[in-house]
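Examination of the molecular architecture
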2 protein chains.
Amino acid sequence: MNNEFDFIHQLFQSKTSVKHPLTQLGNGDDASVHAIPAGFELVVSTDTAIEGVHWPEDFPLDLAAGRAVNAALSDLAAMGAKASWVWLAITGANKEALQAMSLGIVSACEKHQVELAGGDTTRSPAKHPINSLSLTVGGLIPEGKSMCRNQAKIGDDVWLAGNLGLSAAGLKQWFAKQRNGTFVSHFSHIEPLLDIGSFLLAQDIQCCIDISDGLLQDASHIAKASKLHINFCWEALQKLPSFAKLSVDFNEDVVQALMLTGGEDYALLFTAPADKREHLEQADLHLIGVCQQGAGVSINQAGQAMPVKKQGFDHFA
Amino acid sequence: MNNEFDFIHQLFQSKTSVKHPLTQLGNGDDASVHAIPAGFELVVSTDTAIEGVHWPEDFPLDLAAGRAVNAALSDLAAMGAKASWVWLAITGANKEALQAMSLGIVSACEKHQVELAGGDTTRSPAKHPINSLSLTVGGLIPEGKSMCRNQAKIGDDVWLAGNLGLSAAGLKQWFAKQRNGTFVSHFSHIEPLLDIGSFLLAQDIQCCIDISDGLLQDASHIAKASKLHINFCWEALQKLPSFAKLSVDFNEDVVQALMLTGGEDYALLFTAPADKREHLEQADLHLIGVCQQGAGVSINQAGQAMPVKKQGFDHFA
């Protein structure tokens, strides 16, 4: 391996087989070039993951990098977009770390058939040997159809697709050295709900968000953007498969905290008018709340407002 | 400032006034959404800049961040694209660092009228307080017109737009504590040659690269991709304004090293058939070499091959 350029080439260009049919010029020039078909819009999101912040320092780097790609793709799922491209900015403490991360990236790209369309590989400074990735993901969506945070309407039902709290429980087990804990795989392996996002788009759902910072925190983003109040029903949340699974290992207080504020779920939270209820109930989606006049987020238990302590993951709190 | 979300909002959303007319949904949702007009393609590039690697630790953070945006935009210039959007992944050691970097980012976006369409703000781990940015830039280009590395033809002239070696000289002065050195501003302030890129595209130029790793290194990328040899003429390089400027402060050996291998010039190197010579000469562009049969890069001085030592900046050398 002579230099950076050969190294990058070896890491990625020879390993990724996914080439998107709309790519006119792929990885290897100053930039990549892509055709966007008439009737479609481009959807773009950027996410960073840093060792010691977004994953524990003793966590395998290939899994950490795969998580980062999948977490970024989850933002496309929340918009209802078809994931197409990833542009990667990767920083490694050494070549071995870059190689390990490349395995996870390539594997996530292949699983979801997205093209690694470009990137920049750098080594962290000797003084601060740190591994991190920033991923920009691009997808396509029919014109004017993207699901946004500000499209919830008063009276809409609030629905959930995916798990709540299992990833946070897995991380808790990892930190407690329970490396084979029941939930560890939910932290290790993020599944971006791209197919469900596409299904929701086909059902004319207009408001959706992915849950990365915890149910309450992300619901508050919808509430704020749509200028309304979201009221969850604890009894409905107790009926979720996640509640039963978590209750095997944790008491109800812990289960509640994990489900409401755990974060990193990459579930989808969306709203829909009541007339869509019958159709959505057939699709393994869970009705957990309602949009009301007002602001903020609350939870009802047995008809009473339930007190909630922690308000979700926050880097700067 | 209550939390990360308010902080990000304050940093960027209130400061950037540039809204691109093709943006359907800007910063603040899970992703941004953009219309791409018929007849155009999307051009995307990603670049990372890290404190202690891409800029000295005692360098002002606002300038460092502005440099990073401009360096990323230079890749769009090299393709001939119209710069439109920036997606930012920024990592800061603390809020003050993030605030300083945000000033440079906002200022660069406004100068070039690109929209800050999305981003992710993170804090570096306490153990490794480090500042870095990854920038993904997006632009538009008429279908099939992007200037690529693999389009040079044997017999083409090789042209330069911009400076050679001035930025490397500025960094040298910075490290020598000459903070007001003649060349420091060439390191501090990168000027992406977006207008020249557009001009070249209008002249039907098909092969172009921006010089980030040094003239010889980047020329070798064109030579490799286009399967030919590039021969530079030292006498032509000596006629460049950069040579005269550098010769005031440095001896010819140093000037040569700075110009050939200095890096971070963000000049444009392009090739053109000889019949475009008359038109290009009117436009402050410099004819410095020729494409020949063969491989690699060489320099002629008085008709003889000139020996060159260092082959450009390389993170992993």
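Overview of the structure. (Residues numbered from 1 in each chain as written. Chains lettered and ligands numbered in written order. Predicted model: local features only at pLDDT ≥ 70, side-chain atom pairs only at ≥ 80, totals over all residues. Heavy atoms only, no water.)

1. Section: the pattern of salt bridges
The full count for this structure, using the stated rule, is 18 salt bridges over all chains. Two residues, D29(A) and R149(B), come together in a salt bridge whose shortest N-O distance is 3.6 Å. Residue D29(A) is found in the loop between strand 1 (23-25) and strand 2 (32-34), and its partner R149(B) is found in the loop between strand 6 (132-142) and strand 7 (157-161); the two belong to separate chains. Of the two residues examined, D29(A) and R149(B), each falls in the buried class. With a shortest N-O distance of 3.9 Å, D58(A) and K177(A) are connected by a salt bridge. (Salt bridge = Lys/Arg side-chain N within 4 Å of Asp/Glu carboxyl O. Helix = DSSP H or I, 4+ residues; strand = E, 2+ residues; numbered from the N terminus. Buried < 20%, exposed > 50% of the residue type's maximum accessible area, 1.4 Å probe, protein only.)

2. Regarding the sheet that holds strand 6 (residues 132-142) of chain A
Each strand in a sheet pairs with its neighbour through backbone hydrogen bonds, running either in the same direction (parallel) or in the opposite one (antiparallel). Spatial strand order, 5(A)-4(A)-6(A)-3(A)-2(B)-1(B): 6 strands in an open sheet with mixed pairing. Both edges of this open sheet fall to strand 5 (115-123) of chain A together with strand 1 (23-25) of chain B, since each of them pairs with a single strand only. Strand-to-strand twist in this sheet, taken as the mean axis angle between neighbours without regard to direction, amounts to 20°. Alignment of strand 3 (residues 40-50) of chain A against strand 2 (residues 32-35) of chain B, held across 4 bridges, turns out to be antiparallel. Its bridge partner lying in strand 2 of chain B, E41(A) is registered against A35(B). Relative to strand 6 of chain A, helix 2 (residues 61-79) of chain A is tilted by about 30°, and along the sheet it contacts strand 3, strand 4 (82-92) and strand 6 of chain A together with strand 1 and strand 2 of chain B. (Pairing = 2+ DSSP bridges. Axes fitted to C-alpha atoms, helices over the stretch in contact; angles between N-to-C directions. Contact = heavy atoms within 4.5 Å.)

3. Some thoughts on the interface of chain A and chain B
Counting residues at the interface gives 67 residues for chain A and 67 residues for chain B. Summing both sides of the interface, chain A and chain B together bury roughly 5400 Å²; the carbon and sulfur share of this comes to 59%. Joining chain A to chain B, the criterion identifies 6 salt bridges. At the boundary of chain A with chain B, the tally comes to 18 residue pairs in polar contact (both at pLDDT 80 or more). A per-element tally of the side of chain A that touches chain B places strand 3 of chain A first, with 9 residues. Taken together, the residues of the side of chain A that touches chain B break down into 26 nonpolar, 23 polar and 18 charged. (Buried area = accessible area lost by both parts, 1.4 Å probe. Polar contact = N/O pair within 3.5 Å; in protein donor to acceptor, adjacent residues only side chain to side chain. Nonpolar A, V, L, I, M, F, W, Y, C, P; charged D, E, K, R; others polar.)

4. Quick notes on the pairing of strand 8 (residues 207-211) of chain B
Residue and element names in this part refer to chain B. Counting buried residues in strand 8 gives 5 out of 5 residues, a clear majority hidden from the surface. Of the two faces of strand 8, the one holding C207, I209 and I211 and the one holding C208 and D210 are both buried throughout. Inspection of the sheet shows strand 8 paired to strand 10 (residues 267-272) by 5 bridges, in the antiparallel sense. What sits directly across from I209, in strand 10, is L269.

5. Re the relation of the copies chain A and chain B
Related by rotation about an axis and a shift along that axis, the two copies of the chain form a pair. Once turned by 180° and shifted 0.0 Å along the axis, chain A lies on chain B with an RMSD of 0.0 Å. Taken together, the rotation and translation relating the two chain copies correspond to the operation of a two-fold axis. Distance from the rotation axis, computed per C-alpha, reaches its smallest value in chain A at H128(A): 2.8 Å. Of the interface residues in chain A, 100% have counterparts in chain B that sit at the interface too, so the contact is made through matching surfaces. (Least-squares fit on C-alpha atoms with pLDDT ≥ 70 in both.)

6. Topic: the packing of helix 2 (residues 61-79) of chain B against helix 3 (residues 95-111) of chain B
Residue and element names in this part refer to chain B. One way to put it is that helix 2 packs onto helix 3 with a least axis distance of 7 Å and a crossing angle of 45°. Classified by the interaxial angle, the pair formed by helix 2 and helix 3 is oblique. Helix 3 is crossed by helix 2, and the crossing has right-handed handedness. Taking contact as the criterion, the partners of L61, D62, A65, G66, V69 and N70 in helix 2 are, on helix 3, A97, A100, M101, L103, G104, I105 and A108. (Parallel < 35°, antiparallel > 145°, perpendicular 65-115°, else oblique. Left-handed = near helix turned anticlockwise from the far one by under 90°.)

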